[in-house]
Structures are given as structure tokens and as C-alpha cells.
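One-letter residues, chain by chain:
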Amino acid sequence: APKSTIDASLAPLTPTFDPKHPQRETDVLQAIIQKLGLQQHVEGGYFVETDRDQLRVPNPFDEQAGTRNASTTIFYLLTPKSPLGAFHRNKGRTVHTLHKGRGRYVLIHADEVAASSCPGGYTSNDELPESERWTGKARIETFIVGQNVLAGERLQWIVEGGKYKSSFLLPDEQGKEHSDGLLISETVVPGFEFEDHDFMRWERMMALVTKEQAEEMEWMVRK
Ligand code: GUN
């Protein structure tokens with residue numbers, strides 16, 4: 001059987017719910033979207049901001065550039081109609097909490113250089129000029145979020161700032177093809193601002209991981 005180029009213990013990462021052939025939103029998902037006041041997110045999926053701390057803190061990413069809200073929190077929902085959150089990164093650290101459903105997360109640690117290719121140990125790739133950025137060896141991490149704690153599924157997961165992140169919907173039960181959606185909360189510290197957010201570009205993906213890995217994850221990159 002073919003193996004994933006990202007994690008050899010897995011089959012290649014392919015969508016169960018194909019973003020190119022979206023299903024119709026079920027009545028129950030439409031009602032949940034309405035009730036929570038969710039809007040389409042540019043990453044894919046749906047979201048609503050539920051809290052924005054009015055406390056202002058210094059901008060930790062650039063002391064010259066204003067302040068940030070201390071934190072923000074959103075609901076985020078993936079559905080069979082909008083089953084993919086495309087690769088992007090935030091400067092802020094994000095705490096994720098599962099409410100319902102199952103999904104897979106894929107993280108690309110673009111800000112870490114493998115110790116083997118960097119004698120001094122880990123260093124920041126993002127601080128290097130574009131031409132000197134180390135390629136092909138960014139660590140990739142993938143895990144399932146879901147209620148089945150005993151099977152290793154996560155109820156809570158943290159994504160540090162600077163990591164590229166993608167997520168996609170999985171069936172509620174392994175082997176089935178049905179989902180009532182993946183609903184989570186995300187809290188970003190300091191609070192979300194679009195200027196702290198950017199999407200993965202295909203050229204960057206090709207620079208960060210092997211050709212085989214990039215091709216396996218191509219469908220998770222926003223066109
Ligand atoms: N506005 C657009 N996208 C987002 C997001 O991911 N978080 C928050 N808080 N606001 C947003």
C-alpha cells in the first residue's frame with residue numbers, strides 16, 4: 001500500500017471530503033452556522049470572533065508598531081461543504097480546544113532548521129535572507145483531533161506562532177464517510193490582526209519541504 005511521504009505510518013494525505021467537490025450543507029450544519037453567527041473564513045471553513053480582550057499590550061512582534069489586544073477567541077468550523085483550512089501562519093500562539101467532530105492537522109515547522117543541517121542546533125529560518133533559507137527539511141507534524149482520547153486523538157492542541165498550519169475534516173467515525181462538522185475554539189495571544197497572518201505560497205512550500213511532500217500537500221495550499 002502507498003505510504004505518506006510525511007509520516008510513513010500513514011496512507012498518503014488525501015481528502016475524505018474533497019474541497020473541489022463540496023457536499024451540500026446539511027440542515028443541522030446550516031442551523032448551527034446560523035445560531036453561532038458564523039461567516040466564511042478566507043482560509044476555508046467558517047468562523048466568528050466571540051471575544052476580543054479590550055486590554056491593550058505592546059506588540060511583541062515589533063515594538064515600533066503599535067499595540068495588540070491581549071487575546072482574541074473564535075469558533076472555527078469545518079464542514080463537508082467547506083472541509084479545508086488552507087495552510088497559513090499567525091505570529092501569535094494559538095490555543096485550540098475541540099467541541100465536536102474529527103479532523104487532521106498538519107504543521108510545517110518552517111522556523112526550525114534541523115539540527116543535522118545546522119551545527120549550532122536549531123535556529124530561525126525566517127530570519128535568513130530568502131536566498132540562504134535552508135530547504136527540503138522543515139519538520140512536518142500531523143495529528144488527529146477528536147474525542148477518542150484512548151486512540152491518541154487530541155482534545156486540546158497548541159500551535160506556536162510562526163508555524164504553518166492546515167486542517168481538514170475527517171469522518172466522525174473511522175471508515176465511514178459522514179461528518180456533522182468539526183467545531184473548535186481558538187484563542188490567539190496576543191489578539192488576531194490580519195497583518196500578523198499570511199498564507200503559504202506554493203513557491204515557499206517547494207522551498208521548505210521535499211518535492212514529494214509538497215505534492216502530497218498541494219491540495220492544502222490556497223490557490
Ligand atoms: N478575522 C478574520 N480571520 C480571523 C481569525 O482567524 N481570527 C480572528 N479573531 N479574527 C479574524
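Details of the structure are given in the entry above.
So, how was this worked out
Residues numbered from 1 in each chain as written. Predicted model: local features only at pLDDT ≥ 70, side-chain atom pairs only at ≥ 80, totals over all residues. Heavy atoms only, no water. Salt bridge = Lys/Arg side-chain N within 4 Å of Asp/Glu carboxyl O. Helix = DSSP H or I, 4+ residues; strand = E, 2+ residues; numbered from the N terminus. Buried < 20%, exposed > 50% of the residue type's maximum accessible area, 1.4 Å probe, protein only. Pairing = 2+ DSSP bridges.

1. Observations regarding the pattern of salt bridges
Right, on to step 1. Applying the stated rule across the entire model yields 13 salt bridges.
Right, on to step 2. A salt bridge links Glu193 to Arg52, with the nearest nitrogen and oxygen atoms 3.2 Å apart. Of the two residues, Glu193 is situated in the loop between strand 12 (182-189) and strand 13 (197-199) and Arg52 in strand 2 (residues 46-52); the sequence distance between them amounts to 141 residues.
Right, on to step 3. On the accessibility criterion, Glu193 (23% relative accessible area) is partly exposed.
Right, on to step 4. The partner of Asp196 in a salt bridge is Arg68, and the shortest N-O contact between them spans 2.7 Å. In this pair, Asp196 is assigned in the loop between strand 12 and strand 13 and Arg68 in strand 4 (residues 67-69), connecting sequence segments 128 residues apart. Residues Asp196 and Arg68 agree in their burial class; the two are buried.
Right, on to step 5. If you follow the salt bridges from partner to partner, you end up with Glu49, Arg52 and Glu193 in one network.

2. Looking at the pairing of strand 7 (residues 93-100)
Strand residues, when the strand is regular, have side chains that alternate between the two faces of the sheet.
Right, on to step 1. Here strand 7 pairs with strand 12 via seven bridges, running antiparallel. Directly across from Lys100, in strand 12, lies its bridge partner Leu183.
Right, on to step 2. Across four bridges, the pairing between strand 7 and strand 10 (residues 156-159) is antiparallel. Within strand 10, the position partnered with Thr97 by the bridge is Gln156.

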